[in-house]
Amino acid sequence: MNRPLSASPRFDSNRAWQEASGAVNANRDALIALAGVFIALPAFALTVLLPQPEPQPGADMDAAMELAAVYFRENWLALVALGLLSTLGTMAMLTLFGHASRPTVGEAIRKGLSATPIAILAQMIVGFVMTGLVLAPLSLFSFAGSKALAMVGLTAGLVIAAWFWTRTSLTTPIIAAETRRNPLAAVQRSFALTRGNAGRLVLFLFLLVLAFLIAGQVLQWSVTLLVQLVAGPDAGTITGALISSMVQAAMAVYLAAAMTSSYRQLDGASQPGPFG
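Criteria and cut-off values
- Residues numbered from 1 in each chain as written.
- Predicted model: local features only at pLDDT ≥ 70, side-chain atom pairs only at ≥ 80, totals over all residues.
- Heavy atoms only, no water.
- Helix = DSSP H or I, 4+ residues; strand = E, 2+ residues; numbered from the N terminus.
- Rg over C-alpha atoms; globule rule 2.2 N^0.38 Å.
- Buried < 20%, exposed > 50% of the residue type's maximum accessible area, 1.4 Å probe, protein only.
- Contact = heavy atoms within 4.5 Å.
- Areas by Shrake-Rupley, 256 points an atom, 1.4 Å probe, with all protein chains shown as cover.
- Lys, Arg positive; Asp, Glu negative; His and termini not counted.
- Charge placed at Lys NZ, Arg CZ, Asp CG, Glu CD.
- Polar contact = N/O pair within 3.5 Å; in protein donor to acceptor, adjacent residues only side chain to side chain.
- Axes fitted to C-alpha atoms, helices over the stretch in contact; angles between N-to-C directions.
- Parallel < 35°, antiparallel > 145°, perpendicular 65-115°, else oblique.
- Left-handed = near helix turned anticlockwise from the far one by under 90°.
- Nonpolar A, V, L, I, M, F, W, Y, C, P; charged D, E, K, R; others polar.

Caption draft 1: Quick look at the overall build of the chain. Counting its regular elements, the chain contains nine helices and zero strands. For 276 residues, the compact-globule estimate of 2.2 N^0.38 gives 19 Å, and the C-alpha radius of gyration of the chain, at 20 Å, lies within 12% of that figure. Along the first, second and third principal axes, the C-alpha atoms of the chain reach 55 × 55 × 35 Å. Burial status across the chain gives 40% buried among its 276 residues. Contacts in the chain between residues at least 24 apart in sequence constitute 76% of all its contacts with a sequence separation of at least 6. Accessible surface computed for the chain: about 14,900 Å², of which carbon and sulfur atoms make up 70%. Once the 16 positive and 12 negative side-chain charges of the chain are each reduced to a mean point, those two points are 16 Å apart.

Caption draft 2: Fine view of the environment of Thr171. Note that Thr171 resides in helix H6 (residues 171-178). Distance in space between the C-alpha atoms of Thr171 and Ala186 is 5.4 Å, their sequence separation being 15 residues. One polar contact links the side chain of Thr171 to the main-chain carbonyl oxygen of Thr168, over a distance of 2.7 Å.

Caption draft 3: Representation of the packing of helix H4 (residues 105-142) against H6 in the model. The interhelical angle for the contact between H4 and H6, taken along N-to-C directions, is 155 degrees, at an axis separation of 10 Å. Overall, the two elements H4 and H6 adopt an arrangement that is roughly antiparallel. The element H4 and its partner H6 pack so that their crossing is right-handed. Residue-level contacts link Ala115, Ile118, Ala119, Ala122 and Gln123 of H4 to Thr171, Thr172 and Ile175 of H6. In the contact of H4 with H6, the residues fall into five nonpolar, three polar and no charged.

This is the structure:
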């Protein structure tokens with residue numbers, strides 16, 4: 001699948017969603033296993049066993065950031081393990097979606113495991129560049145000593161970093177589908193495939209994530225409140241953690257399917273219809 005780089009076709013978000021939904025339905029049992037083991041269960045365990053402390057009412061931003069920093073220092077090993085499991089699960093799902101051979105769950109896990117180190121290296125490259133894109137304008141505008149100008153620089157940096165993330169958002173499905181072992185080459189290929197489609201692609205992914213966040217918050221709040229009224233606060237807390245982990249898993253499944261459908265469409269290798 002190493003095609004020469006060329007201009008990508010116009011991205012069709014409606015087609016991408018329909019293909020992603022069809023792929024999820026076609027692989028429901030395998031996805032429940034992968035998302036449950038690698039995303040939902042670890043997230044639930046972390047929330048219940050190592051809950052993140054809430055800032056005191058009226059606490060300022062510095063106090064909240066210090067509280068978060070202390071939590072990370074004390075639990076970094078568990079957080080890193082959770083990130084590794086999540087990455088492995090995502091790569092296994094992308095493998096399941098991205099290979100025409102329709103791998104079994106075990107095969108998807110094995111292939112996802114071999115692709116995980118490459119995906120992590122690629123994410124590190126993207127994260128390093130995004131950090132630089134945020135800090136460069138922030139530092140430049142901060143030299144004037146004005147908080148207003150510093151905020152302008154921060155905003156500009158965030159916008160540029162968001163654009164860069166969109167251009168590199170297909171890196172992981174490329175690694176999974178094309179079995180690339182060069183993370184930089186995968187990032188460059190994502191840049192090539194998303195040329196001319198960054199705006200449409202970021203809007204599609206943003207609306208997808210936003211829909212899950214809103215629906216998840218509403219579901220978690222309503223069910224947790226009901227359980228608290230019936231069974232008490234402890235049961236409500238556990239229920240809220242369970243719903244949150246399930247929403248995270250569902251969002252990860254649909255994001256993997258959406259990114260794979262976007263990749264296939266912009267790669268020009270697929271016809272409309274479910275894949276995986």
